[in-house]
Amino acid sequence: MRRLPTFLATLTLGASALGTPALAEMVTKTSPHSVSQTMDRLQAAVEGAGATLFARVDHAAGAAGVDMDLRPTELMIFGNPKLGTPPMQTNQTAGLDLPLRVLAYEDAEGVVHVTYHDPARLAADHGLPADAPYLGMMKGALDTLTSKAVASE
């Protein structure tokens, strides 16, 4: 993962304070596979882990449906109610950011990226305890599942 220069990190922290999502709160990995293959691999990992796949959204297909171009871009929404319910029991507004979401997209150079919000953001955005065990479990699950999706094997 690339490190942001200090000035950019400062800029994104300032943006976060203004209510704009900070880049530093996103985790991004590159994939050697196409967007579709990456998301197929993520779906298999999610289902293999016993999580629930709630939706898979093909943004590029939606754009094509209104005669607009968009490079391959897909969103997967998934989770485990046993893990996602406790944050919502603490503050129901956490439901705005749950279930978990992962975006895969192809950039202008043809590189495929997999991006998701760091679950620690839930604590800041919804007043949840920063040391809540479910946040660490979500972070670990996202890292494991996306690593499987982008693995070269």
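Below you will find a few notes about this structure. Here, residues in each chain are numbered from 1, in the same order as that chain's written sequence. Local features in this predicted model are restricted to residues of pLDDT 70 or higher, and side-chain atom pairs are both shown and tallied only at a pLDDT of 80 or more, whereas totals for entire chains, interfaces and linings draw on every residue. To get the side-chain values, all heavy atoms of the structure are used, and hydrogens and water are removed first.

### Here we look at the nonpolar core
Here is step 1 of the chain: One finds Leu42, Val46, Phe78, Val102, Tyr134 and Met138 to be the most contacted residues of the largest nonpolar core, which totals 29 residues.
Here is step 2 of the chain: Only DSSP runs of H or I with at least four residues qualify as helices, and only runs of E with at least two residues qualify as strands; both kinds are numbered from the N terminus onward. Looking at this core, the elements with two or more residues in it are α2 (35-48), β3 (73-79), β4 (100-106), β5 (112-117), α5 (120-126) and α6 (133-150).
Here is step 3 of the chain: By residue number, the principal contributor to this core is α6, which donates seven residues.
Here is step 4 of the chain: When checking whether two residues touch, look at their non-hydrogen atoms; a contact exists if any pair is within 4.5 Å. Every residue in contact with methionine 138, bar those within four places of it in the chain, is listed here: Leu83, Gly84, Pro87, Leu98, Leu100, Pro119 and Leu122. The criterion is simple. A nonpolar core is a set of buried Ala, Val, Leu, Ile, Met, Phe, Trp, Tyr and Cys residues joined through side-chain atoms within 4.5 Å. A 1.4 Å probe rolled over the protein chains alone gives each residue an accessible area, and that area as a share of the maximum for its type sets the label: buried under 20%, exposed over 50%, partly exposed in between.

### A look at the environment of glutamate 47
Here is step 1 of the chain: Within the secondary structure, glutamate 47 sits in helix α2.
Here is step 2 of the chain: Taking C-alpha positions, glutamate 47 is 9.9 Å from glycine 79, a pair spaced 32 residues apart along the chain.

### Description of the sheet that holds strand β1 (residues 26-31)
Here is step 1 of the chain: Strand pairing follows a simple DSSP-based rule, namely that at least 2 bridges must link the two strands. In spatial order, the strands read β1-β5-β4-β3-β2; together these five strands make up an open sheet with antiparallel pairing. At either end of the open sheet lies a strand with only one pairing partner, and these are β1 and β2 (52-58). Neighbouring strand axes in the sheet, compared pairwise and without regard to direction, differ in orientation by 20° on average.
Here is step 2 of the chain: The sheet strands contacting α6 are β1, β3, β4 and β5, and the helix crosses β1 at an angle near 15°. Note on geometry: axes are lines fitted to C-alpha atoms, helical ones only across the stretch in contact, with angles between N-to-C directions running from 0 to 180 degrees.

### Here we look at the pattern of salt bridges
Think of it this way: side chains of opposite charge can pair up when their charged atoms draw near.
Here is step 1 of the chain: The term salt bridge refers to a pairing of a side-chain nitrogen on Lys or Arg with a carboxyl oxygen on Asp or Glu at a separation within 4 Å. Using the criterion set out here, one finds seven salt bridges in the structure.
Here is step 2 of the chain: Between arginine 121 and aspartate 125 there is a salt bridge; the shortest N-O distance is 2.8 Å. Of this pair, arginine 121 and aspartate 125 both sit in helix α5, four residues apart, which is roughly one turn of that helix.
Here is step 3 of the chain: For arginine 121, a relative accessible area of 17% corresponds to the buried category.

### Examining unusual backbone geometry
In terms of backbone geometry, most residues other than glycine have negative phi values and most peptide bonds are trans.
Here is step 1 of the chain: Note that the residue after leucine 98, namely proline 99, is joined by a cis bond; omega there is 0°.
Here is step 2 of the chain: Take proline 99: it is sitting in the loop between α4 (81-90) and β4.
Here is step 3 of the chain: Phi angles above zero are rare outside glycine, and aspartate 67 is one such case at about 55°.
Here is step 4 of the chain: Summarising the element assignment, aspartate 67 is placed in the loop between α3 (59-64) and β3.
Here is step 5 of the chain: Judged by relative accessible area, aspartate 67 falls into the exposed class, the value being 77%.

### Comments concerning the pairing of β3
Here is step 1 of the chain: For β3, the tally of buried residues reaches seven of seven residues, placing the bulk of the element in the interior.
Here is step 2 of the chain: Of the two faces of β3, the one carrying Thr73, Leu75, Ile77 and Gly79 and the one carrying Glu74, Met76 and Phe78 are both buried.
Here is step 3 of the chain: As paired elements, β2 and β3 share six bridges and run antiparallel to each other. Across the sheet, aspartate 58 pairs through a bridge with glutamate 74, a residue of β3.
Here is step 4 of the chain: In this structure, β3 lies alongside β4, joined through six bridges in antiparallel fashion. In the strand pairing of β4, leucine 75 is matched with leucine 103.

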